Amino acid sequence: AKQAVELREAGRRAAKARAWFATLDGQPYDWRGLLAFTRAKWQGVRNWKMFCSEFSTRHLRAGDVEPFRPDTDADSVAPGEFMKSGALLVVWKAE
């Protein structure tokens, strides 16, 4: 019974994350923000673009998964931060 509840909850979260993803149609990748990460917090706000860690953080949050502290702005999350998240599980790692 517990597994069924967990699967239903995972399905609900995935559906919420997919609905959020659908709102991003046409949004370009924020190469400038990624290359200038120290200033990316402000660049993404102005240009309506995201790079990978911004997108991943917002996508997880849209599915009710909090990968970092709730007050951490997605624009300030570096790609390497996901390896330090206690909310995520490493399922594959390159040798």
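Structure shown above.
> Go over the side chain of Asp 75 with me, naming the residues and quoting the values.
Mapped onto the elements, Asp 75 comes out in the segment after α4 (52–62). Within the structure, Asp 75 has its side chain in polar contact with the side chain of Arg 58 (distance 2.8 Å).

> Could you give an account of the packing of aromatic side chains, naming the residues involved and the relevant values?
Applying the stated rule across the entire model yields four aromatic pairs. The interplanar angle of 75° and the centroid separation of 5.9 Å between the aromatic rings of Phe 21 and Phe 55 together place this pair among those described as edge-to-face. Note that Phe 21 is positioned in helix α1 (residues 2–22) and Phe 55 in helix α4, a separation of 34 residues in sequence. Pairing Tyr 29 with Trp 31 gives two aromatic rings, centres 4.5 Å apart and planes at 55°, and the pair type is tilted. Given a relative accessible area of 32%, Tyr 29 falls into the partly exposed group. Look at Trp 31 and you get exposed, because its relative accessible area is 55%.

> A description of the environment of Pro 67 should follow, citing residues and the corresponding values.
By the element assignment, Pro 67 lies in the segment after α4. Under the relative-accessibility criterion, Pro 67 is labelled buried at 5%. Along the chain, Pro 67 and Ser 85 lie 18 residues apart, while their C-alpha atoms are 5.9 Å from each other. When neighbours within four sequence positions are excluded, Pro 67 is seen to be in contact with Thr 57, Leu 60, Arg 61, Ser 85, Ala 87 and Leu 88.

> Which residues make up the pattern of salt bridges, and what values do they have?
As enumerated under the stated definition, the model contains seven salt bridges in all. Ionic pairing is found between Glu 54 and Arg 58, a salt bridge with its closest N-O pair at 3.7 Å. Here Glu 54 and its partner Arg 58 are both found in helix α4, four residues apart, which amounts to about one turn of the helix. Salt-bridge contacts for Arg 61 lead to Glu 66; the nearest nitrogen and oxygen are separated by 3.0 Å. Several salt bridges converge on common partners, so that one network encompasses Arg 12, Lys 16 and Asp 64.

> Lay out the environment of Ala 19 in plain terms, naming residues and giving numbers.
Locating Ala 19 in the fold gives a position in helix α1. Note on Ala 19: relative accessible area 47%, which makes it partly exposed. Along the primary structure Ala 19 and Gly 63 are separated by 44 residues, whereas in three dimensions their C-alpha atoms are 9.0 Å apart.

> Tell me about α4, and name the residues and values.
Taken together, the buried positions of α4 are occupied by Ser 53, Glu 54, Thr 57 and Ala 62. Asp 64 occupies a position one or two residues after α4 and carries a positive phi of about 65°.

About the thresholds
- Residues numbered from 1 in each chain as written.
- Predicted model: local features only at pLDDT ≥ 70, side-chain atom pairs only at ≥ 80, totals over all residues.
- Heavy atoms only, no water.
- Helix = DSSP H or I, 4+ residues; strand = E, 2+ residues; numbered from the N terminus.
- Polar contact = N/O pair within 3.5 Å; in protein donor to acceptor, adjacent residues only side chain to side chain.
- Phe/Tyr/Trp six-rings, centres within 6.5 Å; stacked < 30°, edge-to-face > 60°.
- Buried < 20%, exposed > 50% of the residue type's maximum accessible area, 1.4 Å probe, protein only.
- Contact = heavy atoms within 4.5 Å.
- Salt bridge = Lys/Arg side-chain N within 4 Å of Asp/Glu carboxyl O.

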